Amino acid sequence: MLRIGIIGTGALASLMALRLAEQADVAMVGSWPEQLDAIEAAGLTLVEADGRSHTHSLTATDEPLLLPPVDVALVLVKSYQTATAVRRLRTLVNTDTLIVTLQNGLGNWEILAQAYGAWRVVQGVTSLGATMVRPGVVRAAGDGPINLAWAASNLFYDPFVACLRTAGFTVELVRNVQGLVWGKLAVNAAINPLTAVLQVRNGVLAEEEPLKQVMMAAARETAVVAAAQGIQLPYPDAAQRALAVAQATAQNHSSMLQDIRRGGQTEIEAICGAVIKAGQRFGVPTAVNAQLYHWVKTVEAGQPITDWRIGVGGTAVDLESYRKE
Ligand code: PAF
């Protein structure tokens, strides 16, 4: 049986651990004490979109030294924890271990590749949705494929892909991974910060015209930064794509809203922060991303947003009245 180490104990990590647990020997490594305690006490429960649920007992620990090395390490921590994940992986990785990242944002693959070698680190992207109901219980919140970069030379790559498929995931192997990463980034830059600062579900961005305009402008801006680097997105229109995702995930609380509600740090640096930096490098203005970045940073710091105006297409849009109290 394939030995899979899942680094992270959040919603997506939990969903994947549970689905893979029937096919592989899965262990979770993380630092969320309530989640580790709940899994140890009663296993992990997955509530499917149709309401059915199932529970699986799993090894979940904050001490990777207790585990033998794994064949595949699946990195699913928040982007600001990737450097910590590198340390947690130290004793889990042996000569052939494949490392796969499905994290949001830019820069994760680079950190892992620098620590463990580009040849064994595979970039992936997924639009699978999941939400923690409470520690020990995760709800599936939207299906989507897992897109993985080709890495045929690794011993464990084909068995891992087969294992994902047997577990019920749709896996697509792709060559233009940068396109996929930036494609996901454009959607995240459009949906996550706005839903987080306004405290609204994704669908609200598609329903309210001014919010829709800002969302689409952020996606468009990100697409221009990608194009300036010669990166081709996997869809023709980033703004339309963001709108479609907001509609398809209308009931979701975005991951960034969930982070803000927990009072935690967000992935804004690896999302809008990364777009702004790349924009500066390639001479592309990123005013919409910059304003969204500023708002999220303000909320992260526990400060109130005092000016809710944002410039879109030469006009200032005031978002104050769309904030959910
Ligand atoms: O980060 C998220 O929440 C998700 O990537 C997405 C697609 C925005 C849906 O909520």
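Refer to the structure above for everything that follows.
Read on for a plain summary of the structure. Remember, it's a predicted structure, so these values are computed and weren't measured experimentally.

### Here we look at the environment of T249
- Mapped onto the elements of the fold, T249 is located in the loop between α9 (238–248) and α10 (255–261).
- A relative accessible area of 17% places T249 in the buried class.
- In sequence terms T249 and K78 are 171 residues apart; their C-alpha atoms lie 20 Å from each other.
- Contacts of T249, omitting those with residues within four sequence positions, involve N202 and G203.
- A polar contact is formed between the side chain of T249 and the side chain of N202, at a distance of 2.9 Å.

### Some details on the nonpolar core
- Of all hydrophobic cores here, the largest spans 51 residues; its most connected members are I4, I6, M16, L20, L148, F160 and F169.
- Looking at this core, the element that brings in the most residues is helix α1 (residues 11–20), giving eight residues.

### Brief notes about the environment of L102
- Following the sequence through the fold, L102 ends up in the loop between β7 (98–101) and α4 (108–116).
- Overall, L102 belongs to the buried group, its relative accessible area being 5%.
- Sequence separation of L102 and A118 is 16 residues, and the distance between their C-alpha atoms is 15 Å.
- Setting aside anything within four residues of it in sequence, one finds L102 in contact with M16, L74, V75, L76, G124, V125, T126, I146 and L148.

### What to know about the packing of aromatic side chains
- What the rule picks out here adds up to one aromatic pair.
- With a centroid separation of 5.5 Å and 40° between ring planes, the pair formed by W295 and W308 is classed as tilted. Of this pair, W295 sits in helix α12 (residues 287–300) while W308 sits in the loop between α12 and β13 (309–312), and the two are 13 residues apart along the sequence. Like W308, W295 is buried.
- For R175, the ring lying beneath its charged end belongs to W150, and the centroid distance is 4.6 Å.

Definitions and cut-offs
- Residues numbered from 1 in each chain as written.
- Predicted model: local features only at pLDDT ≥ 70, side-chain atom pairs only at ≥ 80, totals over all residues.
- Heavy atoms only, no water.
- Helix = DSSP H or I, 4+ residues; strand = E, 2+ residues; numbered from the N terminus.
- Buried < 20%, exposed > 50% of the residue type's maximum accessible area, 1.4 Å probe, protein only.
- Contact = heavy atoms within 4.5 Å.
- Polar contact = N/O pair within 3.5 Å; in protein donor to acceptor, adjacent residues only side chain to side chain.
- Core = buried A, V, L, I, M, F, W, Y, C linked by side-chain atoms within 4.5 Å.
- Phe/Tyr/Trp six-rings, centres within 6.5 Å; stacked < 30°, edge-to-face > 60°.
- Lys NZ or Arg CZ within 6 Å of the ring centre and 35° of its normal.

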